[in-house]
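Now for the letters of each chain:
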Amino acid sequence: MVNLVAAQRPMLIGFMKMAGVVPHTVEIEPGTSMNFWVPKETINTKPKKSKDKPKQNKPVVVLVHGFAAEGIVTWQFQIGSLTKKYAVYVPDLLFFGGSMTDSPDRSPRFQAECLSKGLKKLGCGEVHGGWVQLWWDGGFQVGRDVSGLGPGRGDFGFDPGYD
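Reading guide: rules and limits
Residues numbered from 1 in each chain as written. Predicted model: local features only at pLDDT ≥ 70, side-chain atom pairs only at ≥ 80, totals over all residues. Heavy atoms only, no water. Helix = DSSP H or I, 4+ residues; strand = E, 2+ residues; numbered from the N terminus. Buried < 20%, exposed > 50% of the residue type's maximum accessible area, 1.4 Å probe, protein only. Contact = heavy atoms within 4.5 Å. Areas by Shrake-Rupley, 256 points an atom, 1.4 Å probe, with all protein chains shown as cover.

Trainee: Can you walk me through the overall build of the protein chain in this structure?
Mentor: Each helix and strand in the protein chain was counted, giving 5 helices and 7 strands. Helices and strands in the protein chain line up, N terminus first, as α-β-β-β-α-α-β-β-α-α-β-β. The 163 residues of the protein chain split such that 37% are buried. For the protein chain, long-range pairs separated by at least 24 residues make up 56% of all intrachain contacts whose partners lie at least 6 apart in sequence. Entry remark: accessible area of the protein chain is about 10300 Å², with carbon and sulfur atoms responsible for 56%.

Structure below.
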């Protein structure tokens, strides 16, 4: 029997690269690394020529997948459209898409902390702001602004209801 997700993977990777996002591994801490699909400009290490146009700063969108599949499988139909106007980052949570840890911690909070640290290392948090919010079991809040990067109370026009 053919695994359809595995069969489409090479084509999906090609589409992601055509959309301008490429895989990049970030070491969160020793023994823990996360794979992120990031705008190719994020990891472009070629020296800039004086004729190059200045890099456009697009607003950042972070697409976090659920627990069914890795990021690019979950968001494959949205990434192409969103990359036209946004700098799209698609992390693979731990144990998906090459993200791994040797830590015994398997909590949602640990996932949120790793995600937040990875985004900060990529420059999302410092430059564009980043806010990691995980919800579990129909709305039980398990993670909130674990990095100190998120908006303050009322920044969204409402009180999020936590102290």
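Read on for the rest.
Trainee: It is not clear to me how the environment of G118 should be interpreted in this structure. Could you clarify?
Mentor: Tracing the backbone shows G118 in helix α4 (residues 108-121). Residue classification places G118 among the buried positions, given a relative accessible area of 0%.

Trainee: What exactly am I supposed to notice about unusual backbone geometry here?
Mentor: Note: most peptide bonds trans; most residues except glycine with negative phi. Positioned with a positive phi, F95 is a non-glycine residue whose angle comes to about 75°. Examined against the element boundaries, F95 turns out to sit in the loop between β4 (87-91) and β5 (100-101).

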